[in-house]
Amino acid sequence: KEKMGMPPISFTPHSEADALKASAMHRKSFRPGWHDAAVIREVFQQESEAGNSMMVARLTVTDAEGNKHDLRDHMLTDLAVGALKLRHFVRAAQALEKYEQGQLDEADFVGRVVSVKIGIEKRRGPYAGRAVILDYRPASSAVVNLRQAV
């Protein structure tokens, strides 16, 4: 049912077999390991289902073949278990000084280019594995930071 003022959603329907095949091909092209061209698109804070505070980062990662992959990473902010990955994310985005002062905001991250270590999380059944971010480091000097390119 169409809501007032909202246009209908347009899409291309795919069969189950075609969708599974495309998903598997997409995941195969995204190899585990370090990828230098990851652009931070959005960062926000939210609460996990367990009630823990976490920082959510949305990144676009370009693989070796030039394919772009949109990934979301959830990092716990109030538990020691997530501290190392969060600290590496902040350091890669060149915001470590503000992190150590306990004050960060989205502007510290958006547009920054970082390197990400990708792993593939296995899934049950016929579904292809899911790419996940395992760690962060500063991008190599060959990658141009969007903030510096302007």
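Residues numbered from 1 in each chain as written. Predicted model: local features only at pLDDT ≥ 70, side-chain atom pairs only at ≥ 80, totals over all residues. Heavy atoms only, no water.

### Here's the deal with the pairing of strand β2 (residues 53–62)
The two faces of the sheet receive side chains in turn, since in a regular strand these alternate between them. Burial within β2 is extensive, with eight of its 10 residues counted as buried. Relative to β2, strand β1 (residues 33–47) is paired through 10 bridges, and the arrangement is antiparallel. Considered in β2, the bridge of Q46 is made with M54. Linking two consecutive strands that pair antiparallel, namely β1 and β2, is a turn of five residues; a positive phi of about 90 degrees is found at G51 within it. Where β2 folds back onto strand β3 (residues 68–76) in an antiparallel hairpin, the turn is made up of five residues, including G66, whose phi is positive at roughly 90 degrees. (Buried < 20%, exposed > 50% of the residue type's maximum accessible area, 1.4 Å probe, protein only. Helix = DSSP H or I, 4+ residues; strand = E, 2+ residues; numbered from the N terminus. Pairing = 2+ DSSP bridges.)

### A word on the packing of aromatic side chains
Enumeration over the complete set of coordinates arrives at two aromatic pairs. Relative to F109, the ring of F89 has its centre 5.0 Å away and its plane inclined at 15 degrees; by these criteria the two rings are stacked. Of this pair, F89 sits in helix α2 (residues 83–92) while F109 sits in the loop between α3 (96–100) and β4 (113–121), and the two are 20 residues apart along the sequence. Each member of the pair, F89 as well as F109, is classed as buried. (Phe/Tyr/Trp six-rings, centres within 6.5 Å; stacked < 30°, edge-to-face > 60°.)

### Examining unusual backbone geometry
What you tend to see is this: most non-glycine residues have negative phi, and most peptide bonds are trans. With phi around 65 degrees, Q94 is a residue other than glycine that occupies positive phi space. On the secondary structure map, Q94 appears in the loop between α2 and α3.

### What about the pattern of salt bridges?
Enumeration according to the criterion identifies seven salt bridges in this entry. Ionic pairing is found between D105 and K98, a salt bridge with its closest N-O pair at 4.0 Å. The exposure class of D105 is partly exposed, given its relative accessible area of 40%. Between E121 and R130 there is a salt bridge; the shortest N-O distance is 3.0 Å. The exposure class of R130 is partly exposed, given its relative accessible area of 35%. (Salt bridge = Lys/Arg side-chain N within 4 Å of Asp/Glu carboxyl O.)

### Things to note about the pairing of β3
In β3, alternate side chains face the same way, and those of H69, L71, D73 and M75 are buried while those of K68, D70, R72, H74 and L76 on the opposite face are not. For β2 and β3, the ladder comprises nine bridges, and the chain directions are antiparallel. Looking across to β3, one finds that V61 is bridged to H69.

No statement about biological role is implied by the geometric values presented.
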